[in-house]
Amino acid sequence: MKLKENETIPNSELFIMEDGNPIKKNTFEFFKDKKIVLFGLPGAYTSVCSAKHLPGYVDSYDKYKAKDVDLIACISVNDPFVMEAWGKSNNVTDKVLMMADPFLSFTKAIGAEVDKSARGLGIRSNRYTMLIDNLKVIKLQEEEDTGACEISAAQNFLNLV
């Protein structure tokens, strides 16, 4: 990943769902003046993402809020409709904001893209978690392998916040 701690996140466009419609959000405008835990993963409904990464942040929501985190957001290289459906199937409610990066604009800007074509997935995101405070990366944990969810897992990352 080319983005490092103490750097500013790139200004990119992501999508979220609001009232059944995909809405484009600018990272600078949306993340400004907020303390955010942002975790990126290869894809909605994939095994490790569904079994550990996303549920871990849903389950740890109160612990992150106790550390003054304003927002927990999940980003994946999927369309916003898939991200919304995946969030609903995992009961994220208002605990985790599901963000879509369908054109890899954020993922490529931070250097997290990985080629998973051999597994039928195409270009995806590596697995990572970062703490962002007013657009600045405070902590960043990137897994060496997308199949692992250890240093970026909710319970382990919580110790760094």
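My aim in this report is to walk through the structure given alongside it, one point at a time. (Residues numbered from 1 in each chain as written. Predicted model: local features only at pLDDT ≥ 70, side-chain atom pairs only at ≥ 80, totals over all residues. Heavy atoms only, no water.)

Scanning the entire structure with this criterion turns up 5 aromatic pairs. Each ring, one from F15 and one from F103, has its centre 6.3 Å from the other, and the planes form 70°; the classification is edge-to-face. With F15 in strand β1 (residues 13–18) and F103 in the loop between β5 (97–100) and α5 (105–110), this residue pair connects regions lying 88 residues apart in the sequence. Assessed through its relative accessible area of 65%, F103 is described here as exposed. For the ring pair F39 and Y57, a centre distance of 4.3 Å and an interplane angle of 15° mean the geometry is stacked. Of the two residues, F39 sits in strand β3 (residues 35–41) while Y57 sits in helix α2 (residues 47–59), which places them 18 residues apart along the sequence. With respect to class, F39 is no different from Y57; both count as buried. An aromatic cluster is defined as three or more aromatic residues linked by ring pairs; in this entry it consists of F39, Y57 and Y64. (Phe/Tyr/Trp six-rings, centres within 6.5 Å; stacked < 30°, edge-to-face > 60°. Helix = DSSP H or I, 4+ residues; strand = E, 2+ residues; numbered from the N terminus. Buried < 20%, exposed > 50% of the residue type's maximum accessible area, 1.4 Å probe, protein only.)

Here we come to the side chain of D101. With respect to the element layout, D101 can be found in the loop between β5 and α5. No salt bridge forms around the buried D101; measuring N to O, its nearest opposite-charge neighbour K108 is 9.5 Å away. In this structure the side chain of D101 is engaged in a polar contact, spanning 2.9 Å, whose partner is the backbone nitrogen of S105. Setting aside chain neighbours within four positions, we find D101 in contact with E13, L14, I75, S76, V77, N78, F106 and T107. (Lys, Arg positive; Asp, Glu negative; His and termini not counted. Salt bridge = Lys/Arg side-chain N within 4 Å of Asp/Glu carboxyl O. Polar contact = N/O pair within 3.5 Å; in protein donor to acceptor, adjacent residues only side chain to side chain. Contact = heavy atoms within 4.5 Å.)

The biggest cluster of nonpolar side chains holds 24 residues, and the ones touching the most others in it are Y57, Y64, I72, W86 and V96. When residues of this core are traced back to their parent elements, those giving at least two are β3, α2, α3 (61–65), β4 (71–76), α4 (80–89), β5 and α6 (154–158). It is α2 that provides the largest number of residues to this core, a total of 4 residues. Listed in part, the 22 residues of the second largest apolar core include I9, A112, Y128 and M130. (Core = buried A, V, L, I, M, F, W, Y, C linked by side-chain atoms within 4.5 Å.)

The next point concerns the environment of L140. Within the secondary structure, L140 sits in strand β9 (residues 136–142). Taking relative accessible area as the criterion, L140 reaches 15% and is therefore assigned buried. For the pair formed by L140 and E29, sequence separation is 111 residues and the distance between their alpha carbons is 21 Å. The residues contacting L140, other than those within four sequence positions of it, are M1, L3, K4, E5, T129 and M130.

Glancing now at the pairing of β3. The buried fraction of β3 is high, at 7 of 7 residues. Neither face of β3 is open: one carries K35, V37, F39 and L41, the other I36, L38 and G40, and all of them are buried. Relative to strand β8 (residues 128–133), β3 runs antiparallel, the two being bridged by 6 bridges. Its bridge partner being in β8, L38 is matched across the sheet by M130. (Pairing = 2+ DSSP bridges.)

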